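Descriptive structure summary
Letter by letter, the chains look like this.
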Amino acid sequence: MKYQIAINIALFCGLRNGEILGLTWNDIDFENKTISINKARAITDDDGMITKYPKTKSSIRTISAQDIVINSLKEYMKIQDKDREILSDLWDPGWYDTPWILTQWDGKGMHYHTISKWLKKIVVMYNESIINDESIPSKEKSVYLLPVLSINKLCYTSATLLISRNTDIKQLLQDLVMLIQVQQCIYTFMD
């Protein structure tokens, strides 16, 4: 379920990998259905996984979260609570100071590349099933194949979904705080 959480947050909130991994339970306001982005996780050659401030001042923000995100987070919190109870002393004691939403089996923060590796694996498995499906004519198989994307590319899909729901463009740009490429993508949709 933890991967579903990551995908939901990327797709429906437009967060990038480091921002998703930087989320703790303290950043979720279930009552007001918001997520506060105030840190990110990154990987460095010298220090391994680190927690840092987001890239820019405007990257620190609070965004609205759709029901699908809030409900899946509530469900996953219960699962994580049970895991923590079962693992007891094996659960990372540092988690209680920084209660990461996405963790390894023992409560330590998830590794930076884990989500993208999982996503790639799922897409490759899906594509192989299409290629091997004899009920789909060979000429039509390419229509069903998915591109292998990193988790960060899902923010583009998020922008598209928000535009299709008639989200105010100014608010969209503030919420996504994306690179110039995403802004150009949005302007293309506006033309």
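Just so you know, the residues in each chain are numbered from 1, in the order the chain's sequence is written. Selection of residues for local features in this predicted model requires a pLDDT of at least 70, selection of side-chain atom pairs for listing and counting requires 80 or more, and totals for whole chains, interfaces and linings are taken over all residues. The side-chain figures draw on all heavy atoms in the structure; neither hydrogens nor water molecules are used.

**Focus: the pairing of strand β3 (residues 40-44)**
Operational definition: Should DSSP find at least two bridges between two strands, the strands are taken to pair. The way it works is that DSSP assigns letters per residue, a run of H or I at least four long becomes a helix, a run of E at least two long becomes a strand, and they are numbered from the N terminus.
Here β3 runs beside strand β4 (residues 48-52); their pairing, made up of five bridges, is antiparallel. When the sheet's bridge partners are listed, A40 is paired in β4 with K52. Between β3 and β4, which pair antiparallel and follow one another directly, the connecting turn spans three residues.

**Considerations on a nonpolar patch on the surface**
To keep things clear, this is the line we draw: Residues with no salt bridge and a relative accessible area higher than 30% make up the patches, which join like charges within 9 Å and nonpolar side chains (Val, Leu, Ile, Met, Phe, Trp, Tyr) within 5 Å. Per-residue and other accessible areas follow the Shrake-Rupley method at a 1.4 Å probe size, with only the shown protein chains counted as cover for residues. Salt bridges, as used here, are contacts in which a Lys or Arg side-chain nitrogen is within 4 Å of a carboxyl oxygen on Asp or Glu. Exposure classes here rest on a 1.4 Å probe applied to the protein chains alone. A residue is buried below 20% of its type maximum, exposed above 50%, and partly exposed in between.
A cluster of nonpolar residues, Y126, V143, Y144 and L146, forms a patch on the protein surface that exposes about 390 Å² of accessible area. For Y144, the position within the fold is in helix α5 (residues 141-144). Since its relative accessible area comes to 39%, Y144 is described here as partly exposed.

**Some words on the nonpolar core**
To keep it simple, the criterion reads: Grouping buried Ala, Val, Leu, Ile, Met, Phe, Trp, Tyr and Cys residues that are joined through side-chain atoms within 4.5 Å yields what is termed a nonpolar core. Whether two residues are in contact is decided by their heavy atoms, any of which lying within 4.5 Å being enough.
Counting residues in each nonpolar core, the largest one holds 31 residues, and the members touching the most others are I9, I20, I35, I101 and L102. Where this core is concerned, the elements lending two or more residues are α1 (2-13), α2 (17-21), β2 (34-37), α3 (67-87) and α4 (114-132). Sorting elements by how many residues they give to this core places α1 first, with seven residues. Once you skip the residues sitting within four places of it in the chain, I20 turns out to touch A6, I9, A10, L15, L102, I115 and I151.

**Some points on the packing of α1 against α4**
Applicable threshold: Between N-to-C directions, angles span 0 to 180 degrees; the directions come from axes that are lines fitted to C-alpha atoms, helices contributing only their stretch in contact. Angles below 35 degrees are treated as roughly parallel, those above 145 as roughly antiparallel, those between 65 and 115 as roughly perpendicular, and all remaining angles as oblique. Amino acids outside the nonpolar list (Ala, Val, Leu, Ile, Met, Phe, Trp, Tyr, Cys, Pro) and the charged list (Asp, Glu, Lys, Arg) are all regarded as polar, and Gly is one of them.
Here α1 crosses α4 at 95°, and the two axes come no closer than 11 Å. Classified by the angle between their axes, α1 and α4 sit roughly perpendicular to one another. Where α1 abuts α4, its residues Y3, A6 and I7 lie against T114, I115, W118 and L119. Here the contact of α1 with α4 is composed, by residue class, of six nonpolar, one polar and no charged.

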